[in-house]
Every structure is written in C-alpha cells, then in structure tokens.
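Read off the chains here:
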Amino acid sequence: MKRRSFIKTAASASAVAGAGVFSILKYPRGAQAAGWGAWPMDDKAKAAAFLPTELQPEGVLELHINGGLSCFDTFYTIPERGQDDYRYMWIFDENAPASEGRQPIDTLQGRWDSCQTGYTEMTNPLGATDSDGNEIHLGPWTWPFWSRPDVMARMRIVVTSHDQVAHEGANPKSFTGLGLGNPRMAGLGTAIQRYFTENEEAKGGGGIRPAPYSYVLYPAGYAPFNAVAASAVGAHPGSARPLVVSVEPDSELTNLLSRSVTENPDAFDDAVAFYRAEYAARLRSFGHSTPARAAERENYDFSVFARENAPVLTDILQPSLFNSITPPAQLCQSNMGVADDMPAMQARLAANLLTREQNSARYVLWIDAGLQPRPTGGHDVHSASVRYNATNYSHTFSALLDNIVDPMNPRAGDENRVDLDRQMVLINTEFGRQPVQQGNSTGTNHHPWGYVQIFIGGPITEPSVYGAMQESDGYATTSVSAAQSRMMVLQSMGIYPFSTQSYNVADGGFLDEAEAATEIRNTFLGLDV
C-alpha cells in the first residue's frame, strides 16, 4: 500500500474507532439510557434513599493504613478498658509483664513522653458514644488530630469486621469489598472512574476525557500483599481502571507521558489506527454493518485514546509534585534513617489531584506504608508496636492534616488542599490489631473481627460512631462489612451501589435494593435527612 493511502486509511480508521469508543461509553444500554451508576429516580422507594446533591462530596481521598491499623490506641479507645489486665491501649503499660526488662522509651508512657506532644492526657474524647453506649476517645497516636477541632467535628468512626486473617485475603477485601476469586472484584476507584466517565451531568463534572477520575498511589519500592486488587476492574470495562502511580522522587512517569521515546508519535498512531481498522473489519458480518461487540477490542480502543492523549497528564502529574520532601531526622527521639518522606509526598500529590481547577480527580487512594515501614510490610507490627505506631501513625496523620484546609487558620496554598465541604476523607485498613500481646513478642497480631474506618467531611457534619466492640475479646457486636463500607462511599457520592457489574444486595447481606440503600444512608452513614 502506498504511504499516502495508508495515512488516509489510518486517519479514517482512527476517527471511526474513536467514535466507537465514545458511543460505547456514553450509551452502554442504548441511546436513551442513563449512564452507569445513575440513581434510579424513577423508583420512589429507591429515590427516597438518594443523598441530596448538596451533601455529596465532589471527590474522595482514601488513606489506606496498609499492614493493619491498631484502632485501640488510635480511633476506638475506651480508656478504662483493659487497664487492669494490660489489654487494649495498655498492652505495653510500664507495669505490664510485656514491658518487663524493656527501656522506658519502649513502654506506652515512655513512648508518649518521648514524643513531646504538649498534651498531658494520652486520650481525647471524641464527644460521641458507640452503639453500646461507650464513650469513645481518640488514642495517644492520633494526637495530631487534637489540635484540629474542625476535623474532629466532622468525623464518623465506623466499626468494621470480616473473617480474612491474612494480608493476602484482607487487602482485596478492604479495597473491593469482595473476596478473592469473585469475578466482580473491583477496586472502589474503578466504579468511580466508570461513573464519571459515563455520566456527563455527575456532580463535579463528568464525561469521557483522557485524564483519569481515579488514581491509586503506591510508595515506590513497596509491594503490599495483593494490593493490585485496588485497581482491579472485575466485570467493568477496561476504561474504568484507575491510573496506578508509583510515587518516588524525580519520577520518570512525566517523561514517559510526554511520549518522547517515540520519534514520530503521529506516525505511530497512524500505524496503530490502520491495524486496528483491519482487525475491526474482520469482526464485520460479510464485510459490512458494524463490528461485533468485543470487550477486549473496546478496552484496547480506549487505551489507544488515552495513549494518544497522554501528554494531557504531563500538566497534571507535574515533575514538581514528585520532588523529594526531606524527612525528619528524628521522631519521638528515634532516628528515622530514611531518604524521603513518602507519606508527605503522597499526601501532597493526592490533595493536588483532587483540587485541580481542571481535570480534577474524583477519587484518590493513598496506600500508606508509614515513614519507616516495618520489615514485614508497612504498619504490620508483629514486634515493636509501640515504637513504630507512635512515630508512623502520628507522622502520616500530620501529613494528611497538613493537606486539609483549616478554616480557622488560612494558609498559602489552600487552593491545593482538601476542603472538607467539597471532599470527603476516608481512613481505611485491611484489618486491625489484636487487643492483646502476640505471644511473648513486643507486637500484636492481625484482628479482622473488629476494627474501624473513619469517614471525615463530605456529608458528615458532626462527630459520631457506628458499631461497637465487646470488652472480652475486641470482637464487633455491631459493625458493617467490607462490602457495606464500599457501598457507603459510592452512595455518599450519589452513585447507585447496586448498578450492574458492581454489587448485589446479597454482597451486603441485604434482600432488597431500596431497603439496602435506606439502611446505608440512614444507619451506616447516619444521614437520616
């Protein structure tokens, strides 16, 4: 074929393929159908559970404390619980057998003193009780929150439980709400990416664009167990996959997005378009009509569209956002010995993606391993739990709060910080840590039977707690499941959780969609408005 004919054919093929992608995404069930995830307002019972648009956040920042968040010394502290028998917050009390022979700095009180927080008490009341009537405090390693009453006033603590004890099963459960092996297992960002792609009128803007609506941020060099589930697409189209970004200093990502490796990007795109058109022709019946629907071809077409427009991302993922942040040399009188402040770098990027004036994200997942990750992975404290929790938790929480607007203390750069009136923050984890010492070690073991997630801002307007854990063993007496917690986020954004290819009512233990949506809004989110 002559070069002129090739280019002409390729250009024509590119236009046809592009139109196909757009029509597939905009009209997945016919030209008159609402986009995927749109709330079924034609059903009165379901419409009644719809969250008013003014309460829906424009975007969500999810902070995943990877490795297991110890809730009993952070967001679910009942100070008197375990004080007499050295459990819960008091496992490593200076008088506990677990602390025998240890240096004072490795006891609860010694570690608290070494951190020099400026507070005399080790807990701070939230101003809310759990479902069993227990007054809940924020524990010692949440102290950065205590100076932010604006954030604490918009905090809802949600007790969660499941039965996956190992990271390999618990991570997929926490990211997707569904277990390994389920063909519908998809990250929360997948549903959000698809919803905004297919709904041009969605709050915060929608429609097809090369810039992603959802991102997953990993700290460079950290590979948590089965965390790939965070970007799984399940039964959704490939166009719904979030963009995965490895956060590291001087990232090569921006150079790759500029497509500078290809000497002639236009010629490359023409060649790809030509061969795509040839393949599509093979899917036509007797050489005419439209090509047969093929999910993989449609996914590839969208990836081509994204690749051809990759330079759009160079404006979003600017090199300055990957500049190294110098970590503190010491925290709580301990030497850190790390080259980069990864939590601060991830927090900066996450906030910037959500608050951009153009092409802003609607969901960013920040997978946090701490400033000084444990050798077993992130926050997985099978040993030295007091030492690492005191430094890693408080530092990550400080990085988060530094990127949230403080209405009482305006600062330069607030336009690139999360505004709790516009965005919602979710603190999540794959499971908690047990309320007892692990054997004879200095750590605690995994505890999926009772842990917490924290919803901050967005529709949450007052401090509150849903669920409770019993004193005997820390097992939840009232809780949400991992699937129900994912449904809560979707519903808070006005996305129908039970749309095709997402969740079934049975995934959340419900029998009826309208009943489920009402329970999620009124009971789990506490928004009986």
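Please read all numbers here as calculations on a predicted model, not as lab measurements.

1. Here's the deal with the overall build of the protein chain
- A count of helical and extended segments in the protein chain gives 15 helices and 16 strands.
- The principal-axis extents of the C-alpha atoms in the protein chain amount to approximately 85 × 55 × 45 Å.
- Taking all 529 residues of the protein chain together, 57% fall into the buried category.
- A fraction of 73% describes how many contacts in the protein chain between residues 6 or more apart in sequence connect residues 24 or more apart.
- With an accessible surface of roughly 21,500 Å², the protein chain has 50% of that area assigned to carbon and sulfur atoms.
- Each charge class in the protein chain was averaged separately, 39 positive and 58 negative side chains, and the resulting centres sit 11 Å apart.

2. Quick look at the state of the cysteines
- Evaluation of the coordinates by the stated rule reveals one disulfide.
- Between Cys 71, a free cysteine, and Cys 115, which holds the nearest cysteine sulfur, the sulfur-to-sulfur gap is 19 Å.
- Using a relative accessible area of 0% as the deciding quantity, one classes Cys 71 as buried.

3. Points about the packing of aromatic side chains
- Under the definition given, this model contains 17 aromatic pairs.
- Centroid distance Phe 75 to Phe 397: 5.4 Å. Interplanar angle 70°. Geometry classified as edge-to-face. With Phe 75 in the loop between β1 (59-65) and α3 (108-115) and Phe 397 in helix α13 (residues 385-402), this pair connects stretches of sequence that are 322 residues apart. This pair shows no difference in class: Phe 75 is buried, exactly as Phe 397 is.
- Aromatic pair Tyr 496 and Phe 498: ring centres 5.6 Å apart, planes at 85°, arrangement edge-to-face. Side by side, Tyr 496 and Phe 498 carry an identical accessibility label, which is buried.

4. Considerations on the side chain of Gln 484
- Within the secondary structure layout, Gln 484 lies in helix α14 (residues 482-492).
- A relative accessible area of 9% means that Gln 484 is categorised as buried.
- Separated by 2.6 Å, the side chain of Gln 484 and the backbone oxygen of Gly 508 make a polar contact.
- In contact with Gln 484, not counting residues within four places along its chain, are Ser 479, Gly 508, Phe 510 and Phe 524.

5. What to know about the pattern of salt bridges
- The tally for this structure, following the rule as stated, stands at 14 salt bridges.
- Ionic pairing is found between Asp 150 and Arg 148, a salt bridge with its closest N-O pair at 2.9 Å. Neither Asp 150 nor Arg 148 differs from the other in exposure class; each is buried.
- A salt bridge links Glu 198 to Arg 194, with the nearest nitrogen and oxygen atoms 3.1 Å apart. Taken together, the positions of Glu 198 and Arg 194, both in helix α7 (residues 188-198) and four residues apart, correspond to about one turn of that helix. Like Glu 198, the residue Arg 194 is buried in the burial classification.

6. Section: the sheet that holds strand β10 (residues 423-428)
- Read from one edge of the open sheet, eight strands run β6-β5-β9-β1-β10-β13-β4-β14, paired in mixed fashion. The open sheet is flanked by β6 (243-247) and β14 (464-466), the only strands paired with a single partner. When the angles between neighbouring strand axes are averaged without regard to direction, this sheet yields 15°.
- Summarising the sheet, strand β4 (residues 155-160) and β14 pair through three bridges and their orientation is parallel.

7. Some points on the nonpolar core
- Ranked by size, the top nonpolar core spans 73 residues in total, and within it Phe 75, Tyr 76, Phe 145, Ile 157 and Ile 427 carry the most contacts.
- When near neighbours in sequence (up to four residues on either side) are disregarded, Tyr 76 contacts Cys 71, Arg 81, Asp 130, Ile 136, His 137, Val 159, Val 452, Ala 468 and Met 469.
- Counting residues in hydrophobic clusters, the runner-up holds 48 residues, among them Trp 39, Ala 49, Phe 196 and Ile 495.

8. Side note on helix α12 (residues 342-355)
- Look at α12: 20 Å from first C-alpha to last across 14 residues, which is about the 20 Å you get at 1.5 Å a residue.
- Within α12, 13 of the 14 residues are buried, leaving the element largely enclosed by the surrounding structure.
- Residue Asp 341 occupies the N-cap position of α12, its side-chain oxygen lying 3.1 Å from the main-chain nitrogen of Ala 344.

9. Re the packing of α14 against helix α15 (residues 513-524)
- Contact geometry of α14 with α15 gives a least axis separation of 10 Å together with a crossing angle of 85°. Regarding the angle of α14 to α15, the classification is roughly perpendicular. Along its contact with α14, which presents Gln 484, Met 487, Met 488 and Gln 491, the element α15 presents Ala 517, Ile 520, Arg 521 and Phe 524.
- Class assignment of the residues belonging to the contact of α14 with α15 gives a composition of five nonpolar, two polar and one charged.

10. Here we look at unusual backbone geometry
- Phi at Gln 116 takes a positive value of approximately 45°, unusual for a residue other than glycine.
- Mapped onto the secondary structure, Gln 116 falls in the loop between α3 and β2 (124-129).
- One non-glycine residue, Cys 332, lies in positive phi territory at about 50°.
- By the element assignment, Cys 332 lies in the loop between β7 (330-331) and β8 (334-335).

11. Regarding the confidence of the model for the protein chain
- Averaged over every residue, the pLDDT of the protein chain is 90; residues scoring 70 or more account for 92%.
- Note that pLDDT drops below 50 for residues 1-32; the model gives that stretch 34 contacts with residues more than four away or on any other chain.

Rules and cut-offs
Residues numbered from 1 in each chain as written. Predicted model: local features only at pLDDT ≥ 70, side-chain atom pairs only at ≥ 80, totals over all residues. Heavy atoms only, no water. Helix = DSSP H or I, 4+ residues; strand = E, 2+ residues; numbered from the N terminus. Buried < 20%, exposed > 50% of the residue type's maximum accessible area, 1.4 Å probe, protein only. Contact = heavy atoms within 4.5 Å. Areas by Shrake-Rupley, 256 points an atom, 1.4 Å probe, with all protein chains shown as cover. Lys, Arg positive; Asp, Glu negative; His and termini not counted. Charge placed at Lys NZ, Arg CZ, Asp CG, Glu CD. Disulfide = S-S within 2.5 Å. Phe/Tyr/Trp six-rings, centres within 6.5 Å; stacked < 30°, edge-to-face > 60°. Polar contact = N/O pair within 3.5 Å; in protein donor to acceptor, adjacent residues only side chain to side chain. Salt bridge = Lys/Arg side-chain N within 4 Å of Asp/Glu carboxyl O. Pairing = 2+ DSSP bridges. Axes fitted to C-alpha atoms, helices over the stretch in contact; angles between N-to-C directions. Core = buried A, V, L, I, M, F, W, Y, C linked by side-chain atoms within 4.5 Å. Expected span 1.5 Å × (residues − 1). Parallel < 35°, antiparallel > 145°, perpendicular 65-115°, else oblique. Nonpolar A, V, L, I, M, F, W, Y, C, P; charged D, E, K, R; others polar. pLDDT = per-residue confidence, 0-100.

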